Amino acid sequence: MRKTALITGATSGIGEACARAFAKAGYNIIITARRADKLLLLKEELKKHGVEVETLAFDVRDAAAAELSLASLPAEWQNVDVLINNAGLALGLEKEYEGDPEDWNVMIDTNIKGLLTMTRLVVPNMVKRNTGHIINIGSVAGDAAYAGGNVYCATKAAVKAITDGLRIDVAETALRVTNIKPGLVETNFSTVRFHGDSDRAANVYKGIKPLTGEDIADVALYAASAPPHVQIAEVLVLATHQASGSVVVRQQ
């Protein structure tokens, strides 16, 4: 019987790469994101691996919509084996006292509250079945603040604390909980952060070979594929010339 993976924020970047990696590995896939059209395109691609795919279009910031969407799944899709809480974003790089409060709200509501919503909706059934794996996509930004990162870094520090707390809460069960903390990953992350300024976004990766979404998906699949007694609790993944969230050596 195939296992099922549910991936949030699945239509771009790390989430999309995870959907492809887990489908290729033989998982049935539930992909969620805001754009129904993009979900349907990805669904058709993933089905080429011979797996079943369900799509759920909602914003993780909307807890009621998330609950309705998951409740709408057919009975045979209710048992999720791997939950990948990937949906997240950064907005702005201003000093904290000059930041846009709306940007703060979006980051907090997506990166923290959205992750909590999905955890609350999916994990109880995992506990009931005494099986499951929660993989949260954190960030090196959660280890220490960097210039301009303030609120985004705080949200990813929260992801670490929430992940650690969940691991404690399910320690008496067979569930596993993983926090993957990427460094520089070249996706549309920086374009979103700079509100569509692609030139400014490109400079983030100038002079360094960054990670790809596929690199992080490989780590997620490795964690999910480890023997049942092995819990990959936390993984920090950096580009070779990145030492921390704030130390990057760029080649000329």
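The following refers to the structure shown.

Here is what the cut-offs are and how they apply
- Residues numbered from 1 in each chain as written.
- Predicted model: local features only at pLDDT ≥ 70, side-chain atom pairs only at ≥ 80, totals over all residues.
- Heavy atoms only, no water.
- Helix = DSSP H or I, 4+ residues; strand = E, 2+ residues; numbered from the N terminus.
- Expected span 1.5 Å × (residues − 1).
- Buried < 20%, exposed > 50% of the residue type's maximum accessible area, 1.4 Å probe, protein only.
- Contact = heavy atoms within 4.5 Å.
- Axes fitted to C-alpha atoms, helices over the stretch in contact; angles between N-to-C directions.
- Parallel < 35°, antiparallel > 145°, perpendicular 65-115°, else oblique.
- Left-handed = near helix turned anticlockwise from the far one by under 90°.
- Nonpolar A, V, L, I, M, F, W, Y, C, P; charged D, E, K, R; others polar.
- 1 Å grid on protein atoms, 1.4 Å probe; cavity = no way out; pocket = protein on both sides within 12 Å on 5 of 7 lines; lining within 4 Å.
- Points joined across faces, edges and corners; volume = space filled by probe spheres on them.
- Pairing = 2+ DSSP bridges.

### Quick notes on helix 8 (residues 213-225)
Here helix 8 spans 18 Å end to end across 13 residues, near enough to the 18 Å set by a 1.5 Å rise per residue. For helix 8, every residue scored as buried is listed here: G213, I216, A217, V219, A220, L221, A223 and A224. Buried residues along helix 8 sit against helix 1 (13-24), strand 4 (82-85), strand 5 (133-137), strand 6 (176-182) and strand 7 (234-237).

### Examining the packing of helix 1 against helix 2 (residues 36-46)
For the pair helix 1 and helix 2, the least separation of the axes is 10 Å and the interaxial angle reads 25°. Accordingly, the angle class assigned to the pair helix 1 and helix 2 is roughly parallel. Seen along the crossing, helix 1 lies across helix 2 with a hand that is right-handed. Residues E16, A19, R20 and A23 of helix 1 pack against L42, E45 and L46 of helix 2. Grouping the constituent residues of the contact of helix 1 with helix 2 by class yields 4 nonpolar, no polar and 3 charged.

### Here we look at empty space enclosed by the protein
Taken as a whole and assessed by the stated rule, the structure comprises 2 cavities of 30 Å³ or more. Of the volumes computed, that of the largest cavity is approximately 80 Å³. Lining the largest cavity we find 17 residues, and of these L91, G92, W104, M107 and N150 sit closest to its centre. Put simply, the parts of the chain that give the lining of the largest cavity at least two residues each are helix 4 (101-129) and helix 5 (150-169). Along its surface, the second largest cavity is lined by T8, V60, N85, A87, T110, G114, L115 and M118. Looking at the lining of the second largest cavity residue by residue, the class counts come to 4 nonpolar, 4 polar and no charged.

### Focus: the pairing of strand 1 (residues 4-7)
Side-chain alternation along strand 1 places T4 and L6 on one buried face and A5 and I7 on a second face that is also buried. In this sheet, strand 2 (residues 28-33) lies alongside strand 1 in parallel orientation, the contact comprising 4 bridges. The residue of strand 2 that forms the bridge with T4 is N28. Taken together, the 3 bridges between strand 1 and strand 4 define a ladder with parallel strand orientation. When the sheet's bridge partners are listed, L6 is paired in strand 4 with L83.

### So, helix 1
In a regular helix each residue adds 1.5 Å, so 12 residues correspond to 16 Å; helix 1 covers 17 Å between its end C-alpha atoms and thus fits that length. By the criterion of burial, helix 1 is predominantly enclosed, with 9 of the 12 residues buried. Once helix 1 ends, the next one or two residues include G26, with phi positive near 100°.

### Some thoughts on the layout of surface pockets
Space inside the largest pocket adds up to approximately 1,200 Å³. Along the walls of the largest pocket sit 49 residues, with G88, L89, T187, N188 and F189 positioned nearest its centre. Of all elements in the fold, only helix 1, strand 2, helix 4, helix 5 and helix 6 (189-193) reach the threshold of two or more residues within the lining of the largest pocket. If you tally residues by element for the lining of the largest pocket, the top one is helix 6, at 4 residues. For the lining of the largest pocket, the class distribution of residues is 23 nonpolar, 18 polar and 8 charged.

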